[in-house]
Amino acid sequence: MSQATGMDNPAYKKSQSDLSSTPEDDFWQNTTTDADAEDPNAPKRDNWGNDLEFLMSCIALSVGLGNVWRFPFIALQNGGGAFLIPYLITLVLVGKPIYYLEMIMGQFSSRGSVKVYDYAPIMRGIGFGQFIAVFLIGTFYSSLMALTLRYLIDSFYAILPWSYCREEWGDMCIDSNYKAQSENQKLDEGIGLKKTSAEFYFVNIILREKDNIDDGIGVPNWTLVLTLAFSWLSIAAVVFKGIKSSGKASYFLAIFPYVVMLILLIRSLTLPGAFDGVLFFLKPQWDKLLDAKVWYSAVTQVFFSLSICYGSIVMYASYNRFQHNIRRDCNIVATLDTLTSLLSGIIIFGILGNLAYESNTNDVQSVVKEGPGLAFISYPDAIAKFNAVPQVFSVLFFLMLFILGVGTNAGVFSTVITVICDRFTTAKRWMVVLVTAVVCYCFGLMYVTPGGQFMLSYIDFYGVTFVAIVLAIFELISAAWIYGVKNICRDIKFMLNVNTSIYYRICWSIITPIFVTAILIYMLVEYEPLQYNGVPYPDELYVIGWCISAVGIGQLLIWGFYAWHNGPSELSFSERFKHAFKPLPDWGPRNLKNLKRYQQFVADHQTLSGQKNGFWAKFYDNIFGA
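Please read all numbers here as calculations on a predicted model, not as lab measurements. (Residues numbered from 1 in each chain as written. Predicted model: local features only at pLDDT ≥ 70, side-chain atom pairs only at ≥ 80, totals over all residues. Heavy atoms only, no water.)

## Focus on the overall build of the protein
No. 1: Along its length, the protein carries 23 helices and 4 strands.
No. 2: Excluding contacts between residues fewer than 6 apart, the proportion of contacts in the protein whose partners are at least 24 apart in sequence is 82%.
No. 3: Total accessible area on the protein stands at roughly 25,500 Å², and carbon and sulfur atoms take up 64% of it. (Helix = DSSP H or I, 4+ residues; strand = E, 2+ residues; numbered from the N terminus. Contact = heavy atoms within 4.5 Å. Areas by Shrake-Rupley, 256 points an atom, 1.4 Å probe, with all protein chains shown as cover.)

In structure tokens:
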């Protein structure tokens, strides 16, 4: 009865007539553009040139080295096909719901990854913690781009320098050049597995890798110092003018890599033994589904691949027009990201199958060193086997890798720049870009030393992965239970005039937080001191590593206390604490006209929904309430 009465309420009818998403309805006809009617005291905020620029930029951000570089070696470490099922399940229950949530919050508020927490100021530390994590990602991501540039330069030699063995590498080296191989180069019974010249080249020539870093990480490789500098020049050039420049570049950054990947797919599947490797990749090992380590790896890969819980998606979506159809874009990016991971996995494992064939073994997992170097060993090895002009394919491939790196790191770097510019509104953007790029470059020099790969794995774990998982839990709790799933769905209704499905409601409120929390608990219970290729780190680095994690996670306490302490002075300390969990008065759309309509819509909505009493009534209403 009360619901029927509410539906007859004139205010309710007026709000519903105002909120249709079709062009001909009064709401959209009377709504100003995002550039109009903004707060005159607020700094000007850019918008994408068109909707396609946003989609392409999201593709360039999420479909990158995380798919081509990281996914194959994570899959290899976790049993190939055994990894696929947990990965796909995690994508559906964790990746896609968080991706859509971050798109919503960014577009609805037109705020960056820190100010978006104006809906609960006490949780702003999440944004600052993610800022630290994304800064660290940018530094080591650029070092991978430096490696690809070095390979790109080497691709112009008359003979690819990784395609043949050097005398100093001994008898355990197999020429990666297919035409140079002979039967006497294959595995001799009882001697052990040989390594390809591509692997020797990567470890001994490119990285000059140390066996351990007990005596330090060494001096930076001067060639990688130069390629690292060029990488940062490229990134800075893309983001120099904000989304006006990065949006235009996104078309090329998102599309070109697929052309090269299709060429490599065809070539890898025509190599002898390739299908054995692909079968290893696609065939699930059901017993591995009970291994919590595989699920942990799946969650971290989804985070890294989709770039969720780092603030980048929020940042990109914050430049959208208010009525943009982000639900469609979320489905496109999540699907394309998965297909790209599978495509790169098939390419890599086809190559590994060929390497196993050449080494005369059936153990696909043993033919190459695991770890971040996999893409810089297996891909070059496959290119060396091309019968015609391998240099051309090598140039295309490493140019593709570099472009993937630019696309992803431009988004990562833009997140850092946006947070700084939102915090220091009077700072000139070009100066912020320049200074930040130089700082990131200097920080990244440690990754191009002989101990650089040790440091990359070290920072990835302590500074990024662990911090991101902890902050992801708080991000989900703050959105789903402090601000409320019901309120998020209400905001979506106002912004897009669509009803949120049960799938998203249950994932945001229950499944995704529990899933990520379980992964964190497993991570802590099963924690073992980090190693790189079986080599432990110096004891003092473990202490420093946890200090790095504490700095990232500790932002929750620092900015939580700040929000509490700086609450309205007329309130008591306990009242300030409660007040810090409530949205700021100007929370909502950036456009002033939309904000006023939204505030009226919220008031009408609260009147209609009424007050719920009792824990379970509030629990149910938060998830399923209209």
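## Focus: a nonpolar patch on the surface
No. 1: Residues Phe-240, Trp-430, Met-431, Leu-434, Val-435, Val-438 and Val-439 make up a contiguous nonpolar surface patch of roughly 620 Å² in combined accessible area.
No. 2: Position of Met-431 relative to the elements: it lies in helix H17 (residues 429-444).
No. 3: Among the residues examined, Met-431 registers a relative accessible area of 37% and is labelled partly exposed. (Patch = residues over 30% accessible without salt bridge, like charges linked within 9 Å, V, L, I, M, F, W, Y side chains within 5 Å. Salt bridge = Lys/Arg side-chain N within 4 Å of Asp/Glu carboxyl O. Buried < 20%, exposed > 50% of the residue type's maximum accessible area, 1.4 Å probe, protein only.)

## Focus on the state of the cysteines
No. 1: Taken as a whole, this structure holds 1 disulfide when the rule is applied.
No. 2: The residue that forms a disulfide with Cys-165 is Cys-173, at a sulfur-sulfur distance of 1.9 Å. Taking the sign of the S-S torsion, about -85° here, the bridge from Cys-165 to Cys-173 comes out left-handed.
No. 3: On the basis of relative accessibility, which here comes to 7%, the residue Cys-173 falls in the buried class.
No. 4: Unpaired in this structure, Cys-442 has its nearest cysteine sulfur neighbour in Cys-440, at a distance of 9.4 Å.
No. 5: Exposure remark for Cys-442: the relative accessible area of 48% places this residue in the partly exposed category. (Disulfide = S-S within 2.5 Å.)

## So, the packing of aromatic side chains
No. 1: Under the definition given, this model contains 59 aromatic pairs.
No. 2: Ring pairs connect the aromatic residues Phe-454, Tyr-458, Phe-461, Tyr-462, Phe-466, Tyr-527, Tyr-532, Tyr-537, Tyr-542 and Trp-546, which therefore count as one cluster. (Phe/Tyr/Trp six-rings, centres within 6.5 Å; stacked < 30°, edge-to-face > 60°.)

## Digging into the packing of helix H9 (residues 222-239) against H17
No. 1: At their nearest, the axes of H9 and H17 sit 10 Å apart, and the two run at 155° to each other. Put simply, H9 runs roughly antiparallel to H17. Two packed elements cross with a definite hand, and for H9 against H17 that hand is right-handed. Judged by residue contacts, Val-225, Leu-228, Ala-229, Trp-232, Ala-236 and Val-239 of H9 engage Arg-429, Val-433, Ala-437, Cys-440, Tyr-441 and Gly-444 from H17.
No. 2: Taken together, the residues that form the contact of H9 with H17 break down as 10 nonpolar, 1 polar and 1 charged. (Axes fitted to C-alpha atoms, helices over the stretch in contact; angles between N-to-C directions. Parallel < 35°, antiparallel > 145°, perpendicular 65-115°, else oblique. Left-handed = near helix turned anticlockwise from the far one by under 90°. Nonpolar A, V, L, I, M, F, W, Y, C, P; charged D, E, K, R; others polar.)

## Thoughts on empty space enclosed by the protein
No. 1: Inspection of every chain in the model, using the stated rule, returns 9 cavities of 30 Å³ or more.
No. 2: As for the largest cavity, its lining consists of 14 residues, of which Ile-137, Tyr-141, Phe-304, Ser-307 and Thr-408 are closest to the centre.
No. 3: Put simply, the parts of the chain that give the lining of the largest cavity at least two residues each are helix H4 (51-62), helix H7 (124-154), helix H12 (292-306) and helix H16 (390-423).
No. 4: Looking at which element gives the most residues to the lining of the largest cavity, the answer is H7, with 3 residues.
No. 5: Approximately 70 Å³ is the volume attributed to the second largest cavity.
No. 6: Considering the residues around the second largest cavity, the lining is formed by Leu-101, Glu-102, Met-105, Val-116, Tyr-117, Tyr-119, Val-314, Glu-475 and Ala-479.
No. 7: Counting only elements with at least two residues in the lining of the second largest cavity, the list comes to helix H6 (81-109) and helix H18 (452-496).
No. 8: For the lining of the second largest cavity, the element with the most residues is H6, which contributes 3 residues.
No. 9: The class makeup of the residues in the lining of the second largest cavity is 7 nonpolar, no polar and 2 charged. (1 Å grid on protein atoms, 1.4 Å probe; cavity = no way out; pocket = protein on both sides within 12 Å on 5 of 7 lines; lining within 4 Å. Points joined across faces, edges and corners; volume = space filled by probe spheres on them.)

## Quick word on the pattern of salt bridges
No. 1: Under the defined criterion, the tally for this structure stands at 9 salt bridges.
No. 2: We note a salt bridge from Asp-586 to Arg-111, for which the minimum N-O separation is 3.8 Å. With Asp-586 in the loop between helix H21 (573-579) and helix H22 (592-609) and Arg-111 in the loop between H6 and H7, the pair connects residues that are 475 residues apart, well separated along the chain.
No. 3: Residue Arg-111 is classed as buried on the basis of its relative accessible area, which comes to 10%.
No. 4: Within the structure, one salt-bridge network assembled from shared partners comprises Arg-111, Asp-118, Arg-124 and Asp-586.

## Concerning unusual backbone geometry
No. 1: For Ser-307, which is not glycine, the phi torsion reads 60° and is therefore positive.
No. 2: Inspection of the secondary structure assignment puts Ser-307 in the loop between H12 and helix H13 (312-317).
No. 3: Despite not being glycine, Asn-497 has its phi angle at roughly 55°, a positive value.
No. 4: With respect to the helices and strands, Asn-497 occurs in the loop between H18 and helix H19 (502-525).
No. 5: Residue class for Asn-497 comes out partly exposed when judged on its relative accessible area of 22%.

## Quick notes on the confidence of the model for the protein
No. 1: The share of residues in the protein with pLDDT of 70 or more is 87%, and the mean pLDDT across the chain is 83.
No. 2: This stretch, residues 1-36, has a pLDDT under 50; its non-local contacts, to residues over four places away or in other chains, come to 51 contacts.
No. 3: Every residue in residues 179-191 is under pLDDT 50, and counting partners more than four places away or in other chains gives 22 contacts. (pLDDT = per-residue confidence, 0-100.)

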